[in-house]
Each structure stands twice: as structure tokens, then as C-alpha cells.
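What the coordinates show
As a plain string of letters, each chain reads:
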Amino acid sequence: MREGLLDRRAILLHESASSREEAVRRCGQVLVDVGAVAQPYVEAMLERERTISTYVGEEVAIPHGTAASKQDVGRDAICVVRFPGGIDWDGERVTLCVGIAAAGDGHVPLLAALAEILLDPDRARALREATDPAQVLKELT
């Protein structure tokens, strides 16, 4: 994964959310807080989620904005937000959200790297069960 995409401040491992929408909002706000996106990007993430679920398997979702929202991206970035209690994601259980902000096609290699991790059950479990940001950085870099 490209250096600089994951700011340590964008790794939150002990969050809770009562719904998929609340979880997406939390991810979006983390991307806003680290200066990667403007506030309207959060609504675009929700719009994307309403159009098609971002659940990818292994209790992981990858919320991201729409093509039109690329104008709200200041720099490519990801956030990793863990919800240990789990969230009902349209009938699937999600415990980990990897929020993505990409202005161009920067999300394509990022999605490929995430897919590689998720295809390895041990790495996927390590990511889902991480309790320290250093563990997340180790798996994703």
C-alpha cells in the first residue's frame, strides 16, 4: 500500500455504531478530521452506500464516495475504524470499516491490496481483531 495513505490518527479500534449509516458517517468524519476530504464527502459516502453495499466479506466494509464526490477529496487516504460489537450491514455482520478517499484512480491499487489481505483468513482476522494501531499499520503497510 502506498506510503502516506494511512495516518495513525485515522485508526480507531474501539468504536461503536447503532447502524450502518452511523458507521459510514463515523468513517467519513475520520477522513474529514485528518484533512483528507471536505465535509460533503461524508454525504457522498452515504449516497454510495444507499446505491450499493460496500460490504466485501470477512466482516469488512469499504465505504467510499461517489464518482461525483472526487472534487471533495483533498488527498488520497484511508481510515480503519473497528466496531468490536459488530454492525448489521444489510444482513451481514461488519466489525471493520476501511473508509476510502481517492481523487483519481488511487483507490484501484488500494482495493487490490485490501482484497489480497481479505483473501488471507489469518491476515483478515488479524486486522479485524487488532487492538493497537501498530497492528493495523503492520498489516496494511
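An account of the accompanying structure is given in this report. Just so we're clear, the structure is a prediction, and the values are computed from it rather than from any experiment.

1. Focus on the environment of D76
Tracing the sequence through the fold places D76 in the loop between β3 (60-61) and β4 (77-89). Taking relative accessible area as the criterion, D76 reaches 16% and is therefore assigned buried. For the pair D76 and G104, spaced 28 residues apart in the sequence, the C-alpha separation amounts to 8.3 Å. At a separation of 2.8 Å, a polar atom in the side chain of D76 contacts the main-chain amide nitrogen of A103.

2. Re the pattern of salt bridges
By the definition in use, this model includes ten salt bridges. Where D132 meets R8, a salt bridge forms, and the shortest distance between an N and an O atom there is 4.0 Å. Here R8 lies in strand β1 (residues 6-12) and D132 lies in the loop between α4 (121-129) and α5 (133-140), a separation of 124 residues in the sequence. Classification of R8 by relative accessible area gives partly exposed; the value is 45%.

3. Examining the sheet that holds β1
On the basis of which strands lie adjacent, the open sheet formed by five strands has the order β1-β4-β5-β3-β2 and mixed pairing. At either end of the open sheet lies a strand with only one pairing partner, and these are β1 and β2 (55-57). Relative to strand β5 (residues 92-101), β3 is paired through two bridges, and the arrangement is parallel. Counterpart to V60 in the pairing with β5 is L96. On top of the sheet, helix α1 (residues 20-33) reaches β1, β4 and β5; it is set at about 160 degrees to β4, its chief contact.

4. Some points on the packing of α1 against helix α2 (residues 40-51)
Packed helices, taken two at a time, are described by their axes: the angle between them and the distance between them. Running from amino to carboxyl end, α1 crosses α2 at an angle of 145 degrees, the nearest separation of the two axes being 9 Å. In the packing of α1 onto α2, the handedness of the crossing is right-handed. Within the contact between the two elements, α1 uses R20, E21, V24, R25, C27, G28, Q29, L31 and V32 and α2 uses Y41, V42, E43, M45, L46 and E49. Of the residues in the contact of α1 with α2, the class split is eight nonpolar, two polar and five charged.

5. Topic: the environment of K70
Note that K70 resides in the loop between β3 and β4. In the structure, K70 is positioned 18 residues away from I52 in sequence and 18 Å away in space, judged by C-alpha atoms.

So, how was this worked out
- Residues numbered from 1 in each chain as written.
- Predicted model: local features only at pLDDT ≥ 70, side-chain atom pairs only at ≥ 80, totals over all residues.
- Heavy atoms only, no water.
- Helix = DSSP H or I, 4+ residues; strand = E, 2+ residues; numbered from the N terminus.
- Buried < 20%, exposed > 50% of the residue type's maximum accessible area, 1.4 Å probe, protein only.
- Polar contact = N/O pair within 3.5 Å; in protein donor to acceptor, adjacent residues only side chain to side chain.
- Salt bridge = Lys/Arg side-chain N within 4 Å of Asp/Glu carboxyl O.
- Pairing = 2+ DSSP bridges.
- Contact = heavy atoms within 4.5 Å.
- Axes fitted to C-alpha atoms, helices over the stretch in contact; angles between N-to-C directions.
- Left-handed = near helix turned anticlockwise from the far one by under 90°.
- Nonpolar A, V, L, I, M, F, W, Y, C, P; charged D, E, K, R; others polar.

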